[in-house]
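Reading the structure
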Amino acid sequence: MMIKLKHTHPPLFPNQSSSSLHSTMRTPPLLTLFFFFLVIYLFSLSFTAANATTLLSQHFREAPQFYNSPDCPSLIEEDNEDDDDASEEDSNGGYICSDLAVHVAMTLDTAYIRGSVAAILSVLQHSSCPQNVVFHFVASASSNASLLRATISTTFPYLRFQVYSFDDSAVAGLISTSIRSALDCPLNYARSYLANILPFCVRRVVYLDSDLVLVDDIGKLAATPLGDSSVLAAPEYCNANFTTYFTPTFWSNPSLSLTFANRKACYFNTGVMVIDLDRWRAGDYTSKIEDWMELQKRMRIYELGSLPPFLLVFAGNIVAVDHRWNQHGLGGDNFRGLCRDLHPGPVSLLHWSGKGKPWARLDANRPCPLDALWAPYDLLQTPFSLDS
């Protein structure tokens, strides 16, 4: 037997019939729809404006010009009009494709622009051939690339550089959440796509994170021999507990844990790498990294953003670089960003990997002791600074 329940609550609109009420609920008035979309539009504008305001609020002093030492080779200046790989912006010569140049790749965004500027200054200041350093900046397609380009141009008027657009959607669907939200930014994964983003005429590149400074000649790092077959070189740390970079799910699966069989796999930090782009392209290593990211989406085999896929593909098969070229971890751990000391040994590069960034700690008046080593490269012009 079916029992019908009678509603005893009073109508929401006493003077409105049930049918007209249902009709009103089914078909919102045009004015309501107009205001709804207007709010969405204004919100998107305010979000874009907020990002632009963040960048515009950071004014940087113009960096001094740095000149080559007498024994530096001259980059070949040639007409590239017939070169399909040459950029339209490379109208002043062939430096974008020059094998004599030291090619440096970095990402560029509003959140880390202050760190990027400091890193660029440190590279130029300590290079014996600063005019031969060519920068390749990768910016998100959703960012204001023209504003980023203008910031670099006005801060470094004599810099040889190019800005490339990175399509976030190419990797966004492959990213799994990690232990720190900042690691999930799609631009963090751009280093896996450098071989596709940069012109094919660029055969070797030094990749650098934006939270570091060099205190040595980058030409020495760029000249690292890669042997007959290695794709990349980086400082590796075989004393680190390699197993912690992957989950128990990974190690308990024989077909996965055998990935490192016959490989002396060691941890290496991907914030400083020398990459042979020709070999990368020939081996299609971007696809290999994406394969591991797709598996991660299904099985959760690691916890840290873009680093583990690199380890899965390259660990044990890289050329080891002296630790002086990546004194990393100065930003502390990924949770609290506690202060850390330098590792024993000489220093050529200081890297504030980890949660704490030197500019943020300096602004908060809570710097770590080593942040004083980053401060001299900070070109941010504060509103109250006085020109001498």
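Throughout, residues of each chain are indexed from 1 in the direction in which the sequence is written. Confidence filtering applies because this is a predicted model: local features only for residues at pLDDT of at least 70, side-chain atom pairs given and counted only at 80 or more, and all residues used for totals across whole chains, interfaces and linings. Each side-chain value is worked out from all heavy atoms of the structure, with water and hydrogens disregarded.

Let us look at the nonpolar core. To form a nonpolar core, buried Ala, Val, Leu, Ile, Met, Phe, Trp, Tyr and Cys residues must be joined to one another through side-chain atoms within 4.5 Å. The rule is simple: take the accessible area with a 1.4 Å probe, protein chains only, and divide by the maximum for that residue type; under 20% is buried, over 50% is exposed, in between is partly exposed. Leu 232, Phe 246, Phe 268, Ile 275, Trp 280 and Phe 314 are the most contacted members of the largest nonpolar core, which totals 58 residues. Numbering of helices and strands starts at the N terminus; helices are DSSP runs of H or I of at least 4 residues and strands are runs of E of at least 2. By residue number, the principal contributor to this core is helix H12 (residues 307-314), which donates six residues. Once residues lying within four places of it in the same chain are set aside, the contact partners of Phe 314 are Val 231, Leu 232, Arg 263, Phe 268, Trp 280, Tyr 285 and Ile 289. What makes two residues a contact is simply this: any of their non-hydrogen atoms within 4.5 Å.

Turning our eyes to something else, we now look at the state of the cysteines. Two cysteine sulfurs form what is called a disulfide whenever their separation falls within 2.5 Å. Counted according to the given criterion, the structure contains four disulfides. Across the disulfide, Cys 238 is cross-linked to Cys 266 (sulfur-sulfur distance 2.0 Å). Judged by the torsion about the S-S bond (100 degrees), the Cys 238/Cys 266 disulfide is right-handed. Remark: Cys 266 occurs in the loop between helix H9 (254-257) and strand S9 (267-268) and Cys 238 occurs in the loop between strand S8 (236-237) and helix H8 (248-251); sequence separation between them is 28 residues. Judged by its relative accessible area of 4%, Cys 266 is buried. The partner cysteine of Cys 339 in its disulfide is Cys 368, sulfur to sulfur 1.9 Å. For the disulfide bridge between Cys 339 and Cys 368, the dihedral angle about the S-S bond is near -85 degrees, and by the sign convention the bridge is left-handed. Of this pair, Cys 339 sits in the loop between strand S11 (319-320) and strand S12 (349-351) while Cys 368 sits in the loop between helix H13 (358-363) and strand S13 (380-381), and the two are 29 residues apart along the sequence. On the accessibility criterion, Cys 368 (7% relative accessible area) is buried. Disulfide connectivity for the chain, with bonded cysteines indexed by sequence position, reads 1-3, 2-4, 5-6, 7-8.

By this rule, a helix spans an expected 1.5 Å times one less than how many residues it contains. Relative to the 21 Å expected for 15 residues at 1.5 Å per residue, helix H11 (residues 285-299) spans 21 Å between its end C-alpha atoms, a close match to the ideal helical length. Three or more residues of H11 are buried, namely Tyr 285, Thr 286, Ile 289, Glu 290, Trp 292, Met 293, Leu 295 and Gln 296. Considering only its buried residues, H11 is in contact with helix H5 (169-172), helix H6 (194-197), H8, H9, helix H10 (277-283) and H12.

Time to look at the pairing of strand S3 (residues 133-140). Among the eight residues that make up S3, eight are buried, leaving the element largely enclosed by the rest of the structure. DSSP bridges decide pairing: two strands pair if at least two such bridges lie between them. For strand S2 (residues 102-108) and S3, the ladder comprises seven bridges, and the chain directions are parallel. Within S3, the position partnered with Met 106 by the bridge is Phe 137. For the handedness criterion, the strands are oriented away from the viewer, and a crossover whose path from the first strand over the helix to the second runs clockwise is classed as right-handed. Since S2 and S3 lie parallel, the crossover through helix H3 (residues 113-126) that links them has a hand, and here it is right-handed. The pairing of S3 with strand S4 (residues 160-166) spans seven bridges and is classified as parallel. Residue pairing for S4: Phe 135 is matched across the bridge by Phe 161.

What follows covers helix H4 (residues 145-155). Every buried residue belonging to H4 is among Leu 147, Leu 148, Thr 151, Ile 152 and Thr 155, and all of these are buried. Considered in projection along H4, the buried side chains sweep an arc of 135 degrees and stay on one side of the axis. Relevant arc is that of directions from the helix axis to the C-beta atoms, nothing else.

Among the structural elements, Ser 348 can be located in the loop between S11 and S12. In this structure Ser 348 comes out as buried when scored by relative accessible area, which is 0%. Side-chain polar atoms of Ser 348 contact the side chain of Arg 324, separated by 2.8 Å. Here Ser 348 is in contact with Leu 214, Val 215, Asp 216, Arg 324 and Trp 325, once residues within four sequence places are set aside. Polar contacts, as used here, are pairs of N or O atoms within 3.5 Å; protein pairs need one atom able to donate a hydrogen and one able to accept it. Residues neighboring in sequence count only if both atoms are side-chain atoms.

Attention now moves to the pairing of strand S5 (residues 204-208). Burial runs high along S5: four of the five residues are buried. Sheet analysis places S2 next to S5, joined by two bridges and oriented parallel. For Ala 105, the partnering residue across the bridge sits in S5 and is Tyr 207. The pairing of S5 with strand S10 (residues 272-276) spans five bridges and is classified as antiparallel. Bridge assignment links Arg 204 to a residue of S10, and that residue is Asp 276.

Further remarks concern the packing of H3 against H4. Following both chains from N to C, one finds H3 and H4 inclined at 35 degrees, their axes separated by 12 Å at the closest point. The way H3 lies across H4 gives a crossing that is right-handed. On H4, the residues that touch Ile 113, Val 117 and Ile 120 of H3 are Leu 148, Thr 151, Ile 152 and Thr 155. Three classes are used, and their members are as follows: Ala, Val, Leu, Ile, Met, Phe, Trp, Tyr, Cys and Pro are nonpolar, Asp, Glu, Lys and Arg are charged, and the others, Gly among them, are polar. Here the residues of the contact of H3 with H4 are counted per class, giving five nonpolar, two polar and no charged. Helix axes are fitted only over the stretch in contact, all axes being lines through C-alpha atoms; the angle between N-to-C directions runs from 0 to 180 degrees. Whether a crossing is left-handed or right-handed is set by the direction in which the near helix is turned from the far one by less than a right angle, anticlockwise for left-handed and clockwise for right-handed.

A pocket here means an open set of points on a 1 Å grid, computed over the protein atoms alone, that has protein on both sides within 12 Å along at least five of seven lines. A cavity is instead a set of points where a 1.4 Å probe fits but cannot get out; residues with an atom within 4 Å of a point line either one. Grid points are joined across faces, edges and corners, and a volume is the space filled by probe spheres set on the points. In this structure the tally under the stated criterion is one cavity of 30 Å³ or more. Put simply, the largest cavity is a space of about 50 Å³. As for the largest cavity, its lining consists of twelve residues, and the residues nearest its centre are Ser 176, Tyr 189, Gln 296, Tyr 302 and Gly 305. When grouped by side-chain class, the residues that make up the lining of the largest cavity number six nonpolar, five polar and one charged.

This part is about the packing of H11 against H12. Between H11 and H12, whose axes approach to 9 Å, the crossing angle comes to 120 degrees. Classed by the angle they form, the pair H11 and H12 counts as oblique. The handedness of the crossing between H11 and H12 is right-handed. In contact with Tyr 285, Lys 288, Ile 289, Trp 292 and Met 293 of H11, H12 contributes Pro 309, Phe 310, Leu 312, Val 313 and Phe 314. Reported orientations rely on four angle classes, namely roughly parallel under 35 degrees, roughly antiparallel over 145, roughly perpendicular from 65 to 115, and oblique for the rest.

Structural measurements only, silent on function.
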